[in-house]
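# Chains, contacts and geometry: an overview
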Protein chains: 2
Amino acid sequence: MSVTHAAGFVAAGVEAGLKKSGGKDLALVQNVGPRDAAAVVFTSNRAKANPIIWSQQVIADGRVSAIVLNSGGANCYTGTQGFQVTHATAEAVGEKLGVSPGDVLVCSTGLIGEQLPLDIILAGVKATELSADGGVDASLAIMTTDSKPKRAVVEGTGWSIGGMAKGAGMLAPGLATMLVVITTDADLPSSALDTALRAATRVTFDRLDSDGCMSTNDQVTLLASGASGVVPDPAEFTAAVTAICHDLALQLQADAEGSSHDIAIETINAASEDDAVEVGRSVARNNLFKAAVFGNDPNWGRVLAAVGTTQAEFDPYAIDVSINGVRVCVSGEPGQSRDLVDLTPRAVHVLIDLKSGDSTATIFTNDLTHDYVHENSAYSS
Amino acid sequence: MSVTHAAGFVAAGVEAGLKKSGGKDLALVQNVGPRDAAAVVFTSNRAKANPIIWSQQVIADGRVSAIVLNSGGANCYTGTQGFQVTHATAEAVGEKLGVSPGDVLVCSTGLIGEQLPLDIILAGVKATELSADGGVDASLAIMTTDSKPKRAVVEGTGWSIGGMAKGAGMLAPGLATMLVVITTDADLPSSALDTALRAATRVTFDRLDSDGCMSTNDQVTLLASGASGVVPDPAEFTAAVTAICHDLALQLQADAEGSSHDIAIETINAASEDDAVEVGRSVARNNLFKAAVFGNDPNWGRVLAAVGTTQAEFDPYAIDVSINGVRVCVSGEPGQSRDLVDLTPRAVHVLIDLKSGDSTATIFTNDLTHDYVHENSAYSS
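Parameters at a glance
Residue numbers here run from 1 along each chain, matching the order of that chain's written sequence. A letter from A marks each chain and a number from 1 marks each ligand, given out in the order of writing. In keeping with the predicted nature of the model, local features appear solely for residues at pLDDT of at least 70, side-chain atom pairs appear and are counted solely at 80 or more, and the whole-chain, interface and lining totals rest on all residues. The basis for the side-chain values is all heavy atoms of the structure; hydrogens and waters are excluded. Here the copies were fitted onto each other by least squares, based on C-alpha atoms from residues at pLDDT of at least 70 in both. Contacts are assigned to residue pairs with any non-hydrogen atoms lying within 4.5 Å of each other. A run of H or I in DSSP counts as a helix once it spans at least four residues, and a run of E counts as a strand once it spans at least two, with each numbered from the N terminus. Multiplying 1.5 Å by the helix residue count minus one yields the expected span of that helix. Only protein chains enter the accessibility calculation, which uses a 1.4 Å probe. A residue is then buried if its area is under 20% of the maximum for its type, exposed if over 50%, and partly exposed in between. The directions considered for the arc are those from the helix axis to the C-beta atoms. Counted as a polar contact is a pair of N or O atoms within 3.5 Å, where, for protein atoms, one must be capable of donating a hydrogen and the other of accepting one, and residues adjacent in sequence contribute only when both atoms are in side chains. We define buried area as the total accessible area lost by two parts upon association, computed with a 1.4 Å probe and summed across both. Think of a salt bridge as a Lys or Arg side-chain nitrogen and an Asp or Glu carboxyl oxygen that are within 4 Å of each other. Side-chain classes are defined by residue name, with Ala, Val, Leu, Ile, Met, Phe, Trp, Tyr, Cys and Pro counting as nonpolar, Asp, Glu, Lys and Arg as charged, and the others, Gly among them, as polar.

The operation relating chain A to chain B is a screw motion whose rotation component is 180 degrees, with 0.0 Å of axial translation and a residual RMSD of 0.0 Å. The superposition operator between the copies reduces to a two-fold rotation axis. Scanning chain A for the C-alpha nearest the rotation axis identifies His 370 of chain A, at a separation of 2.6 Å. Both copies contact each other with a shared surface, as 100% of the interface residues of chain A are interface residues in chain B too.

Residue and element names in this part refer to chain B. Taking 1.5 Å of rise per residue, the 13 residues of helix α5 (residues 190-202) would be expected to cover 18 Å, and the 18 Å separating its terminal C-alpha atoms lies within 8% of that figure. All buried positions along α5 are accounted for by Leu 193, Ala 196, Leu 197, Ala 200 and Thr 201. Within α5, the buried residues cover an arc of 120 degrees as seen down the axis, which keeps them to one side. For α5, the exposed residues lying more than 90 degrees away from the buried face are Ser 191 and Thr 195. In this structure, the buried side of α5 is in contact with β3 (37-42), β9 (219-224) and α6 (234-254).

Quick look at the side chain of Thr 365 of chain B now. Residue and element names in this part refer to chain B. With respect to the helices and strands, the residue Thr 365 is situated in strand β15 (residues 359-366). Owing to a relative accessible area of 0%, Thr 365 belongs among the buried residues under this scheme. Looking at Thr 365, its side chain comes within polar contact range of the side chain of Lys 290, at 2.9 Å.

Bringing the interface of chain A and chain B into the picture now. Opposite the 57 residues of chain A that make contact, chain B presents 57 residues. Across the chain A/chain B interface, buried area totals approximately 4800 Å², and carbon plus sulfur atoms make up 58% of it. Considering only the side of chain A, the residues that lose the most area to chain B are Arg 46, Tyr 77 and Leu 288 of chain A, jointly responsible for 17% of the buried surface there. Linking chain A with chain B are 2 salt bridges, by the criterion used here. Between Arg 338 of chain A and Glu 114 of chain B there is a salt bridge, with the nearest N and O atoms lying 3.1 Å from each other. If you look at where chain A meets chain B, you find 8 residue pairs in polar contact (both at pLDDT 80 or more). Elements with a contribution of two residues or more to the side of chain A that touches chain B: α2 (79-97), α8 (287-294), α9 (300-307), β13 (333-334) and α10 (370-375) of chain A. Looking at the side of chain A that touches chain B residue by residue, the classes come out as 26 nonpolar, 22 polar and 9 charged.

Printed below as a string of structure tokens:
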């Protein structure tokens, strides 16, 4: 399962002692080949954590031997000392595995603005015992406030893909706050991996917007071992990468901090895909709407107030809105009674018909709950 | 006090029966002259309520005789029927006061997507008894979830200004969600009022961003009776209008739904004022930071993560951040201990030094609390 599902990968997850709460907190994944092609998509936040800065250098040549990930600290806004910790971590992995530190990606997650204890990380790296069934342990070691690990697999024609993800808060595009590692035994060069990964993340992780807060540490990594010996059809491969990203993104949404509803905001008949994304994102970030959903209140006026803040092409007196199948707003006027809307299920579907074109996009978000506030206030830290 | 502080104005506030919770819900303010100059700033939301559409026509000639305001319903996304209610309301006021309906502004506030009961409004208009001390009643009648009325006065040189405001949620720029009526006995034409009002709202209401949610009904109205016979110095007048807008904006912030902290985010040494506003706004809309303040947790990493999402000019490795006087981040690295920060007072000051220029702006916001979620979920409606 997880990152060791595809042939050509070994992994481990250990309790190094970084997380105050205890539990596994350091994961290592090695690509044992025969290929070492890779592609990575990074956060678009301009405040980049040290492991992001390091990993951007590593991926420059499209080759990656291993990836090490720690929870218990983001190593962001930690200056020169923080960068040295990242560098030393890659060197320790290189020494342990007999690979170049320059081919080792590093990911960190946790509190911003605190130095990571290097000695604990180095001891943790040494303690890892990589194996072909280490994927589950690795998926456990990257959890922070996650209530459960996130893993997925997809089967191709003669090749396969496996992956793991972590993320429960600070979920917003560019990318959603998370670390994701996807592995495949397909035989593809870095450029092909990059094309498939960007196509996949654009319509999956980039459309997950749990709380509008963009992380400093997001990284989605795709590693290809070539161990299957099969060169996949590009379209099939992109579809498979998209499928596993979609699966993992929905797992992130389902486990979003304190959430009680998973909300899919589908905008149809938009003049462009960008318009549809902008409209969905605006609704997904409207705290009043999100609080209403928490209270099972189909307050569709808040949907329209959010749509009105966008630059998308639409006529306020043509728009339709449906919530869980009830068309509460028809051509900008009250439609079916809001009392017909049942918001007791966890899944909520908001359908916005802009009647301005033929483009569509869906944004995935969560409601705003007492527990979200509680988990993100000091009371829980 | 309030809108009847300046000479030349009479007002009233009555219980028409629009609010399910009871209490005054219809206010009327008349300018008895000798002048009838006015200026209005409207919401920039593209989903405009019917009273906004009506009032935009009324203000076109810069002359206003009266303004009628109701709580208990926003009259937004209510179609042709809703517009007819607004029109009939203005006609009823015109008939009662012997003025042209085309010189009567209308404001509504409350739930979006529900029709207002016209008969109740018409009976309410008839029941008003305007007087020179009716300003307090008027300020009470425009309250929705406000816990207290908002009123302010400023004295000029031989003239004065008074005002009232309502707003407690859906507070965000363009404008903050609110209705505001400001009256003055200064003798100024509509164009001068407009210049002063736009200058004032740009740095006051437009920088109040309690919850990132922009309303469909915002309207800030400035009425001038000329009853003092004094033509004020333009700079003094603009400063006075700015002062009363600032006063009312801080009253809105202090009464924001469920809030436990008033947060001022001051960005200094920005390359431009736009940059400073963008940075402050980004922090003000970061739910994770707002939840941390609720929990008295000085989580400055969330400030920097929010700054990193902007296009503002700054070097992540030069930035300083202080919270309530403690410089927790110096040149992008940990500075003084976060444990020194005391967040128990209601007032919170976040100072962000971008070191990129000499522009400054302050954005006013609130924390994200259990009570905010509660008040905006169905449990409270």
